[in-house]
Amino acid sequence: MSDLMETVLIERTRELIPDDNVEQKKMFGSTCFMVNGNMLVCASKRGLMARVGKDQEAEALSKPHATPCRPAGRPMPGFIRVEPEGIESDKDLKSWVDLARNYVCTLPPKQAKPRKTKSGKARP
């Protein structure tokens, strides 16, 4: 996937998540969308990483182009990687975003962590 296609995927994903409590953040070398501080999905050149939770994982893995998410070779339970072919249509992308929202919206909001200075100490 090219940089332009990644940018388009990020824009398509953002349009599907109109909530005020959504934050767009650079993580994992990609653009992640957070709801109440919890990661929802991450759009990148490699496709989409969706946080679906352990209970929905088997259902998610039964969908075409879905595989377990294994960054650095370690499994991330409850996270699914979707190949670009699995999110080409807006309908397919929306189904992944909706599946992730079903799980993430049940999680309690995360408290913002204090930002650290360059010396490693927390800012007041």
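Residues numbered from 1 in each chain as written. Predicted model: local features only at pLDDT ≥ 70, side-chain atom pairs only at ≥ 80, totals over all residues. Heavy atoms only, no water.

### Thoughts on the sheet that holds strand S4 (residues 47–51)
Strands sit in the order S1-S2-S3-S4-S6-S5 across an open sheet of six strands; the sheet is antiparallel. Every interior strand has two partners, whereas the edge strands, strand S1 (22–27) and strand S5 (66–68), have only one. For this sheet the average axis-to-axis angle between neighbouring strands, irrespective of direction, equals 25°. Both strand S2 (residues 30–35) and strand S3 (residues 38–44) contribute to a ladder of five bridges, which runs antiparallel. Across the sheet, residue cysteine 32 finds its bridge partner in S3, namely cysteine 42. Together, S1, S2, S3 and S4 form the strand contacts of helix H1 (residues 3–15), whose direction differs from that of S3 by roughly 145°. (Pairing = 2+ DSSP bridges. Helix = DSSP H or I, 4+ residues; strand = E, 2+ residues; numbered from the N terminus. Axes fitted to C-alpha atoms, helices over the stretch in contact; angles between N-to-C directions. Contact = heavy atoms within 4.5 Å.)

### Looking at unusual backbone geometry
Unlike most non-glycine residues, asparagine 36 shows phi in positive territory, near 55°. With respect to the secondary-structure elements, asparagine 36 resides in the loop between S2 and S3. Take asparagine 36: its relative accessible area is 32%, and that puts it in the partly exposed class. Despite not being glycine, histidine 65 shows a phi value in the positive range, around 70°. Residue histidine 65 is classed as partly exposed on the basis of its relative accessible area of 39%. (Buried < 20%, exposed > 50% of the residue type's maximum accessible area, 1.4 Å probe, protein only.)

### Points about the environment of tryptophan 96
Of note, tryptophan 96 is situated in helix H3 (residues 90–104). Tryptophan 96 sits in the buried class, given a relative accessible area of 2%. Excluding residues that lie within four positions of it along the chain, tryptophan 96 makes contacts with Leu48, Ala50, Val52, Ala60, Lys63, Ala66, Ile80, Val82, Gly86 and Ile87.

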